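# Architecture and fold: a report
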Amino acid sequence: MSNKFQRSSPQMLGAGVGMDASVVSSTASNQPRKRVKRCCRNFVTFMCTQVGVGALIVFYAICGALAFMNIEREYVDKTAAYVLELRQNYSQRLWNITEEHNLIDKPLWVNETNAVLREYQVQIAAIIKNGYMGRSPAQIWSFPAALMFCLSVITMIGYGNMVPRTPWGKGFTVIYATFGIPLYILYFLNMGRVLARSFKFLYRSMHDCTQERSYDARLEALENGSSLGALTLRKKIIVPSTACLWVIIFYVLTGTIMFANWEKWSFLNSFYFCMTSLCKIGFGDFVPGASLTTAADVDAATHKLREDISADPNEVSELQRITDQHSKLAINFIYMLLGMGLVAMCRNLMREEVRVKLKEMKEDAKLCVEDTRLRFVGCCGDPRDLYENDYY
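This structure is a prediction, so every number in the text was calculated from the model and none was measured. (Residues numbered from 1 in each chain as written. Predicted model: local features only at pLDDT ≥ 70, side-chain atom pairs only at ≥ 80, totals over all residues. Heavy atoms only, no water.)

Once that is clear, we can look at the overall build of the protein chain. Summing up its helical and strand segments, the protein chain has 13 helices and 0 strands in all. Along the protein chain, helices (α) and strands (β) appear in the sequence α-α-α-α-α-α-α-α-α-α-α-α-α when read from the amino end. For the protein chain, buried positions account for 29% of its 392 residues. Within the protein chain, residue pairs in contact and separated by at least 24 positions form 75% of the contacts whose partners lie at least 6 positions apart. (Helix = DSSP H or I, 4+ residues; strand = E, 2+ residues; numbered from the N terminus. Buried < 20%, exposed > 50% of the residue type's maximum accessible area, 1.4 Å probe, protein only. Contact = heavy atoms within 4.5 Å.)

It is worth spelling out the packing of helix H3 (residues 79-101) against helix H4 (residues 106-129) at this point. Where H3 contacts H4, the axes come no closer than 10 Å and their chain directions differ by 175°. Judged by the angle between their axes, H3 and H4 are roughly antiparallel. For the pair H3 and H4, the contacting residues are Thr79, Tyr82, Val83, Leu86, Arg87, Tyr90, Arg93, Leu94, Ile97, Thr98 and His101 in the first and Leu108, Trp109, Glu112, Thr113, Val116, Leu117, Glu119, Tyr120, Gln123, Ile124 and Ile127 in the second. A breakdown of the residues in the contact of H3 with H4 according to their chemical character gives 13 nonpolar, 5 polar and 4 charged. (Axes fitted to C-alpha atoms, helices over the stretch in contact; angles between N-to-C directions. Parallel < 35°, antiparallel > 145°, perpendicular 65-115°, else oblique. Nonpolar A, V, L, I, M, F, W, Y, C, P; charged D, E, K, R; others polar.)

Turning to the environment of Phe333, a few remarks are in order. One can find Phe333 in helix H13 (residues 326-380). As for Phe333 and Val58, which are separated by 275 residues in sequence, their C-alpha atoms are 9.0 Å apart.

Attention now moves to helix H9 (residues 241-262). Helix length check: H9 (22 residues) gives 32 Å between terminal C-alpha atoms against 32 Å at 1.5 Å per residue, within 8%. Within H9 the residues assigned to the buried category are Ala243, Cys244, Tyr251, Val252, Gly255, Thr256, Met258, Phe259 and Ala260. Remark: Lys264 follows H9 within two positions and exhibits a positive phi of approximately 60°. (Expected span 1.5 Å × (residues − 1).)

Soluble, globular proteins show a tendency: their nonpolar side chains are buried together. Counting 54 residues, the largest nonpolar core has Tyr176, Met336 and Met345 as the members making the most contacts within it. Apart from the residues lying within four places of it in its own chain, the contact partners of Met345 are Gly192, Leu195, Ala196, Phe199 and Val247. Residues Leu86, Tyr90, Ile97 and Val116 belong to the second largest nonpolar core, which totals 8 residues. (Core = buried A, V, L, I, M, F, W, Y, C linked by side-chain atoms within 4.5 Å.)

This next bit is on the environment of Glu263. Among the secondary structure elements, Glu263 is positioned in the loop between H9 and helix H10 (267-278). Residue classification places Glu263 among the buried residues on the basis of a relative accessible area of 5%. Sequence separation between Glu263 and Val287 is 24 residues; the distance between their C-alpha atoms is 9.1 Å.

Moving on, we get to the packing of aromatic side chains. On inspection of all chains with the given rule, the structure shows 19 aromatic pairs. Here the aromatic rings of Phe68 and Trp141 are separated by 6.0 Å at their centres, their planes lie at 15°, and the arrangement is stacked. Here Phe68 is found in helix H2 (residues 50-72), whereas its partner Trp141 is found in the loop between helix H5 (137-140) and helix H6 (143-154), with 73 residues between them in sequence. Residue Trp141 is classed as buried on the basis of its relative accessible area, which comes to 3%. (Phe/Tyr/Trp six-rings, centres within 6.5 Å; stacked < 30°, edge-to-face > 60°.)

The N-to-C vectors of H6 and helix H7 (residues 167-210) enclose an angle of 65°; their axes lie 8 Å apart at closest approach. Contacts between H6 and H7 involve Phe149, Cys150, Val153 and Ile154 from the first element and Thr173, Tyr176, Ala177, Gly180, Ile181 and Tyr184 from the second. Looking at the contact of H6 with H7 residue by residue, the classes come out as 8 nonpolar, 2 polar and no charged.

This next bit is on the state of the cysteines. Counted by the stated rule, this structure contains 0 disulfides. Counting only cysteine sulfurs, Cys346 is the nearest neighbor of Cys244, a cysteine outside any disulfide, at a range of 4.5 Å. (Disulfide = S-S within 2.5 Å.)

Between the first and last C-alpha of H7 there are 61 Å, a value that for 44 residues agrees with the 64 Å anticipated at 1.5 Å per step. Of all the bends in H7, the greatest, near 25°, is centred on Ala177. (Bend = angle between axes of the 7 residues up to and from the residue.)

This paragraph deals with the pattern of salt bridges. Applying the stated criterion across every chain, the model contains 4 salt bridges. As a salt-bridge pair, Glu119 and Arg93 come within 3.6 Å of each other at their nearest N and O atoms. With a gap of 26 residues between them, Glu119 in helix H4 and Arg93 in helix H3 connect regions that are remote in the sequence. A residue is classified by how much of its surface remains accessible, and Glu119, at 35% relative accessible area, is partly exposed. The exposure class of Arg93 is partly exposed, given its relative accessible area of 36%. Note that Asp371 and Arg375 form a salt bridge whose closest N and O atoms lie 2.9 Å from each other. In this pair, Asp371 and Arg375 both sit in helix H13, 4 residues apart, roughly one turn of the helix. (Salt bridge = Lys/Arg side-chain N within 4 Å of Asp/Glu carboxyl O.)

Moving on, we get to the side chain of Thr276. Residue placement: Thr276 occurs in helix H10. Here Phe273 takes part through its backbone oxygen, which lies 3.0 Å from a polar atom of the side chain of Thr276. (Polar contact = N/O pair within 3.5 Å; in protein donor to acceptor, adjacent residues only side chain to side chain.)

With that out of the way, let us pick up unusual backbone geometry. Of note in this structure, Met156 is not a glycine but carries a positive phi near 65°. According to the relative accessible area criterion, Met156 is partly exposed, its value standing at 41%. Even without being glycine, Lys264 reaches a positive phi, approximately 60°.

Shown next as structure tokens:
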């Protein structure tokens, strides 16, 4: 028996060593996989935070702007050549009318020229209605305009002042909106929650500082339990809706002054744009970034100066001076995103106030019903029934 155990012990030892080696090797092979899973989990957790979502939505908008620029600039617009040919044809028709009638029959000349001009006006209006803006795709799809287009897509404002023309651009818009809108909703909810907590803390701190409390009241609160008493008082403070409205009004007025100075709009038009954008109406008649000058505009002005002798030579230098204005558009972009966060903040705070008011109304309704019941019993029933419970 001892010899058998002695002979079998090396085999069992070898099997144990082999099993331990396989376990160690499998554990060592699983370590990089666990590290990758841990890194991915931490990355997803960070991207779901307020800072991560904000950075992700900015990065998503910038990548979308660059993609739309590369896609839509490949579009060959034949409308400009058609408009140029149309203008030349109608100019020739006007010249023929002038050459034929000249000053011999002025009423006939006026009637025929008005008919030609009306026909030209109708055709130009139809072309503009189909999306012609008098600029090339390189001028239309500048980086500022593409960035504002991406913002209008993911925030569901939809200004409509510029649209993709190529099939690839239309398909990419669908894909871009499919992933961008849920990302914006996540940003909207997170930013609204954070701003609501911050504003609530600030409002309660200001309320505590401005509230007059006597020493006797504080001493009584300490005797009754200071922490619970102070906590109860702080919980009863609710941010009113008027405070939220004042914050929104101040933010809109700030944007009104900013856009009026940068975009050369009137104060009424600037206020109108801020309100329609923050309310997600987005008519598209006023869009920031349209007044920004790009390199394509400078090239067009240079080409015009070479062909037209009467053109102003100072125009090119003026355009080159104001070309680098993309910092203004970045501020406009941040203004819109922060404004959406403030709207979400007001939504959360007003919802909390509505809940408190509804709860108070429910309690008041119960007290009113109970008081009405007691009065009815007191008038129609036996008054001794009211005091029946006092004897038992």
